[in-house]
Amino acid sequence: MTDELKNKIFSQLKGIEYDKVIDVQHAHCPKGCNLMTDEVKINGMDSIMVDLKWKDKEGKIYLDPEYGSYNHKSEVDVPDGEVVEFFCPHCGVSLTEEGEKCSTCSSPVFHIDLPNEGTVIGCLKKGCFDHRLKVVSFDSMHLELDNDFIRVIM
Ligand SMILES: [Zn+2]
Ligand SMILES: [Zn+2]
């Protein structure tokens with residue numbers, strides 16, 4: 001494939017949001033700390049560990065690594081409708097994505113980097129779970145070209 005053709009395809013793909021099942025295996029905070037842990041497994045898979053703060057309560061929350069699945073395990077019991085904050089458990093950086101709001105409820109959203117795969121953005125309001133995956137890189141995609149037919153596999 002020529003670079004010119006590749007760029008053309010990528011520019012057409014940019015902005016597409018995927019909602020199929022993706023198992024997260026690598027997740028980083030914005031500073032690059034590894035958020036995956038094998039201390040707590042969800043459906044047999046390593047979970048994504050972040051610090052949760054709600055009012056004066058703090059604890060770990062283990063996020064379900066299966067995209068679109070919400071079997072999170074939280075040490076803090078948060079009632080539905082409450083907005084929480086997520087922080088990196090290693091360097092303490094806030095995972096709140098400035099300038100973005102949940103498209104459903106306008107609450108703040110969090111942001112987790114998936115190296116070479118993209119970004120997970122999720123609502124911080126308990127019970128909303130407006131997850132979506134933003135694809136910011138195509139390194140992990142395989143492109144198959146067959147005449148006019150283009151298939152994208154993640
Ligand atoms: Zn960090
Ligand atoms: Zn929301």
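Bear in mind the structure is a predicted one, so any value in this text is a computation, not a measurement.

Peer 1: Hey, could you go over the coordination of the zinc ion (ligand 2) for me, with residue numbers and the actual values?
Peer 2: Each protein donor to the zinc ion (ligand 2) is listed here as Cys 102 (SG), Cys 105 (SG), Cys 123 (SG) and Cys 128 (SG); together their distances run 2.2 to 2.3 Å. Considering all four donor atoms around the zinc ion (ligand 2), the spread of angles at the metal, 102 to 117°, places the coordination shape in the tetrahedral class. Between consecutive donors of the zinc ion (ligand 2), the numbers of intervening residues give the motif C-x2-C-x17-C-x4-C. Taken together, the residues Cys 105 in the loop between β7 (96-101) and β8 (108-114) and Cys 128 in the loop between β9 (118-123) and β10 (132-134) connect sequence positions 23 residues apart.

Peer 1: Provide a residue-level description of the coordination of the zinc ion (ligand 1), including the pertinent values.
Peer 2: Of the protein atoms, only Cys 29 (SG), Cys 33 (SG), Cys 88 (SG) and Cys 91 (SG) coordinate the zinc ion (ligand 1), at distances of 2.3 to 2.4 Å. For the zinc ion (ligand 1), the donor residues sit on a single chain with the sequence spacing C-x3-C-x54-C-x2-C. On the criterion of sequence distance, the pair formed by Cys 29 in the loop between β1 (17-18) and β2 (36-42) and Cys 91 in the loop between β6 (85-87) and β7 is long-range, its members being 62 residues apart. Residue classification places Cys 29 among the buried positions, given a relative accessible area of 1%.

Peer 1: If you had to explain the packing of aromatic side chains to someone new, which residues and values would you point to?
Peer 2: Within this structure, the stated rule accounts for one aromatic pair. Above the face of the Phe 87 ring, Lys 53 is positioned so that its terminal group lies 4.4 Å from the ring centre.

Parameters and conventions
Throughout, residues of each chain are indexed from 1 in the direction in which the sequence is written. Just so you know, chain letters begin at A and ligand numbers begin at 1, following the order they were written in. Owing to the predicted nature of the model, reporting of local features is limited to residues with pLDDT of at least 70; listing and counting of side-chain atom pairs is limited to 80 or more, with chain, interface and lining totals taken over all residues. Side-chain calculation: all heavy atoms of the structure are included, whereas hydrogens and water are not. Here the coordinating atoms are restricted to nitrogen, oxygen and sulfur within 2.8 Å of the metal centre, or 3.2 Å for Na, K and Ca, and because water is not among them the sites may look incomplete. Each label reflects the angles at the metal, where four donors whose angles all fall between 85 and 135 degrees are tetrahedral, four or six donors whose opposite pairs open beyond 155 degrees and whose other angles stay between 65 and 115 are square planar or octahedral respectively, and the rest are irregular. Labels follow the DSSP assignment, with helices taken as runs of H or I lasting at least four residues and strands as runs of E lasting at least two, numbered in each case from the N terminus. Residue burial is assigned from relative accessible area. The probe radius is 1.4 Å, only protein chains are included, and a residue is buried under 20% of its type maximum, exposed over 50%, and partly exposed in between. Any Phe, Tyr or Trp ring, taking Trp's six-membered ring, that has another such ring centre within 6.5 Å forms a pair; planes under 30 degrees apart are called stacked, those over 60 apart edge-to-face, and the others tilted. Both a distance and an angle decide whether a charge sits over a ring: NZ of Lys or CZ of Arg must be within 6 Å of the ring centre and within 35 degrees of the ring normal.

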